[in-house]
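Observations on chain architecture
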Amino acid sequence: MINKKRVLDEFFELVSIRCSTLDEREMGDLLTARLRQLGAAEIHEDDAGKILGGNCGNIIANFKGTVPNTPTVMLTAHMDCVEPCAGIRPHLEGGVIRSDGTTILGADDKAGVAAILETLRQLREQNIPHGDLQIVFTVAEEGGVNGSQNIDRALLRADFGYTLDTHGHPGMAAFKAPGKNQIEVVVHGKASHAGVDPEAGRSAIHAAGKILAAMPQGRIDAETTCNAGRIAGGTATNVVAELCTINFESRSRDKAKLDALTARMTDIAACTAKSAGCTAAVTVKKDYDPYELPKDALAIKYLRRAADALGFPVVLEEEGGGSDANFFNAYGIPTAVLGVGMTDCHTKEESILEEDLYNAAELALEIVRQAALV
């Protein structure tokens, strides 16, 4: 039913536009214009960009349905990409779309954006009955899911939704995903001359090494992980380091496990630093909470109906990463994350099957159609 050539052409156009995190203005203006052309009843841009120091806010558009007394469905995707995303030159060969190898491809998440735009076009061109729709294009999803965290919640009105933003063939959906905390450990030691009087110093770097050795690392259990991602400290080789900072993260799909792991990591940092003659200042920042959709949630129900109608197998997965859906679920809008076919995301090897690009649009369109059937 969808226009494959149009989907492919639009996808190529979208990925060719540089859209770095907090620099989404060009993409935001383009999408706002297209939403207006496609008949949006209302289009809002919130202040998330200003809050985060960017140049574009989240875009929230409402489309009036043609079938009354049906649920309002939300479709979301994010506008920004990881680096390098300037000068992307996509090409199609053997049914696979890739960049030229010097940049990412940007299927994360322009595949989701393209699917949503084609859904809106088909509804309009084919006069397909549908209920009210809410379309949300977020900023600053990469690097912390900050756009949806700072969205104007008063603008959200959907009954349930879908974030088109993960791996897997269309028909795959994440119904459960972890929460995530960032833990910053600043180790304070005592500076001294490393050659003249090292005994007078207390090395923050040495203490940090002991903290790293004592910390849990990697996979803790099937739904819980932690990682040390960054360490920095010291000023020169001839100075016993006075400061050293380690940045950790903790994740779990179980909130109690996430809290327990974070508390354990905090205790380890403080106690280990003290045993090394130093102190540790620990700061915990919650990025987002975990969520889990029940198997009979509306988002799962209509996904199954749509996939069955199209002959797509349904695969429900528990994710290891977060997305905008973490916040939409926290805001009371049950939201599943739909696979759109992206692979090797955040690398220059990123690719997407041409068929998955089209099927993502077919599935989104069919979900909206199914949700309006009475």
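What you see is a predicted model, and the numbers here were worked out from it, not measured in a lab.

1. A word on the environment of M172
As for its placement among the helices and strands, M172 is situated in strand 8 (residues 172-177). For M172, a relative accessible area of 4% puts it in the buried group. Distance in space between the C-alpha atoms of M172 and L303 is 9.4 Å, their sequence separation being 131 residues. The residues contacting M172, other than those within four sequence positions of it, are T166, H167, V315, E317, V337, L338 and G339.

2. So, the nonpolar core
Ranked by size, the top nonpolar core spans 74 residues in total, and within it F11, F137 and Y162 carry the most contacts. Among the elements that make up this core, the one with the highest residue count is helix 10 (residues 354-371) (10 residues). With residues up to four places along the chain from it excluded, the contact list for F11 reads I97, L105, A107, K110, A111, A114, I352 and L357. With 19 residues, the next largest nonpolar core counts A207, A208, A273 and C278 among its residues.

3. Some words on the pairing of strand 6 (residues 133-138)
Here strand 6 lies mainly inside the structure; six of its six residues are buried. Both faces of strand 6 are covered, namely the face carrying L133, I135 and F137 and the face carrying Q134, V136 and T138. As paired elements, strand 2 (residues 59-63) and strand 6 share five bridges and run antiparallel to each other. Looking at the pairing, A61 lines up with I135 of strand 6.

4. Considerations on helix 6 (residues 204-214)
Where helix 6 is concerned, the buried positions are A204, A207, A208 and I211. Viewed along the axis of helix 6, the buried residues span an arc of 100°, placing them on a single side of the element. At its buried positions, helix 6 is contacted by strand 9 (179-188), strand 11 (224-233), strand 12 (243-252) and helix 7 (255-275). Capping the start of helix 6 is the job of one residue whose side-chain oxygen sits 3.3 Å from the backbone nitrogen of I205: S203.

5. Topic: the packing of aromatic side chains
On inspection of all chains with the given rule, the structure shows five aromatic pairs. Their ring planes at 85° and their centres at 5.9 Å tell us that F160 and Y162 sit as a pair that is edge-to-face. For the pair F160 and Y162, a shared accessibility class is recorded, and that class is buried. Taking 6.1 Å as the distance between ring centres and 35° as the angle between the ring planes, the aromatic pair formed by F327 and Y331 counts as tilted. Each of the two residues, F327 as well as Y331, counts as buried. Through a chain of ring-to-ring contacts, the aromatic side chains of F160, Y162 and Y302 assemble into a single cluster. Seen from the ring of F175, K295 lies directly overhead, with NZ or CZ sitting 4.9 Å from the centre.

6. Topic: the pattern of salt bridges
Within the structure shown, the criterion is met by 23 salt bridges. Among the ionic pairs, R251 bridges to E249, the shortest N-O distance being 2.5 Å. Judged by its relative accessible area of 16%, R251 is buried. The network of salt bridges with shared partners includes K176, D221, E223, K257 and E292.

7. With respect to the side chain of K176
On the secondary structure map, K176 appears in strand 8. Leaving out residues up to four positions away in the same chain, K176 has contacts with E223, R253, Y291, E292, E317, E318 and E319.

8. Side note on the packing of helix 1 (residues 4-15) against helix 4 (residues 107-125)
At a minimum axis distance of 9 Å, the contact between helix 1 and helix 4 shows a crossing angle of 140°. Considering the angle they form, helix 1 stands oblique to helix 4. The hand of the helix 1/helix 4 crossing is right-handed. On the side of helix 1, the interface is formed by R6, V7, E10, F11, L14 and V15, while helix 4 contributes A107, K110, A111, V113, A114, L117, E118, R121, Q122 and E125. Its residues placed into classes, the contact of helix 1 with helix 4 shows nine nonpolar, one polar and six charged.

9. A word on the sheet that holds strand 5 (residues 96-98)
Ordered by their spatial adjacency, three strands build an open sheet running 4-5-17, and the pairing between neighbours is antiparallel. Either end of the sheet is taken by a strand with one partner, and the two such strands are strand 4 (91-93) and strand 17 (351-353). Across the sheet, the mean angle from the axis of one strand to that of its neighbour is 25°, orientation sign disregarded. By the bridge criterion, three bridges tie strand 5 to strand 17 in an arrangement that is antiparallel. Bridged to R98 within strand 17 is S351.

10. Concerning the layout of surface pockets
A volume near 490 Å³ is recorded for the largest pocket. In terms of lining residues, the largest pocket is bounded by 26 residues, among which E141, E142, G321, G322 and H346 are the most central. Put simply, the parts of the chain that give the lining of the largest pocket at least two residues each are strand 7 (160-166), strand 8 and strand 9. Partitioning the lining of the largest pocket into residue classes produces nine nonpolar, 10 polar and seven charged.

11. Things to note about the sheet that holds strand 11
The strand order 10-11-12-9-13 describes an open sheet built from five strands, whose pairing is antiparallel. Here the strands that pair on one side only, and so sit at the sheet edges, are strand 10 (218-221) and strand 13 (279-288). Averaged over neighbouring strand pairs, the angle between their axes works out to 20° when direction is ignored. Packed on one face of the sheet, helix 6 meets strand 9, strand 11 and strand 12 and runs near 20° to strand 12. Sitting on the sheet, helix 7 touches strand 9, strand 10, strand 11, strand 12 and strand 13, and the angle it makes with strand 12 is about 160°.

Conventions we followed
- Residues numbered from 1 in each chain as written.
- Predicted model: local features only at pLDDT ≥ 70, side-chain atom pairs only at ≥ 80, totals over all residues.
- Heavy atoms only, no water.
- Helix = DSSP H or I, 4+ residues; strand = E, 2+ residues; numbered from the N terminus.
- Buried < 20%, exposed > 50% of the residue type's maximum accessible area, 1.4 Å probe, protein only.
- Contact = heavy atoms within 4.5 Å.
- Core = buried A, V, L, I, M, F, W, Y, C linked by side-chain atoms within 4.5 Å.
- Pairing = 2+ DSSP bridges.
- Arc of directions from axis to C-beta.
- Polar contact = N/O pair within 3.5 Å; in protein donor to acceptor, adjacent residues only side chain to side chain.
- Phe/Tyr/Trp six-rings, centres within 6.5 Å; stacked < 30°, edge-to-face > 60°.
- Lys NZ or Arg CZ within 6 Å of the ring centre and 35° of its normal.
- Salt bridge = Lys/Arg side-chain N within 4 Å of Asp/Glu carboxyl O.
- Axes fitted to C-alpha atoms, helices over the stretch in contact; angles between N-to-C directions.
- Parallel < 35°, antiparallel > 145°, perpendicular 65-115°, else oblique.
- Left-handed = near helix turned anticlockwise from the far one by under 90°.
- Nonpolar A, V, L, I, M, F, W, Y, C, P; charged D, E, K, R; others polar.
- 1 Å grid on protein atoms, 1.4 Å probe; cavity = no way out; pocket = protein on both sides within 12 Å on 5 of 7 lines; lining within 4 Å.
- Points joined across faces, edges and corners; volume = space filled by probe spheres on them.

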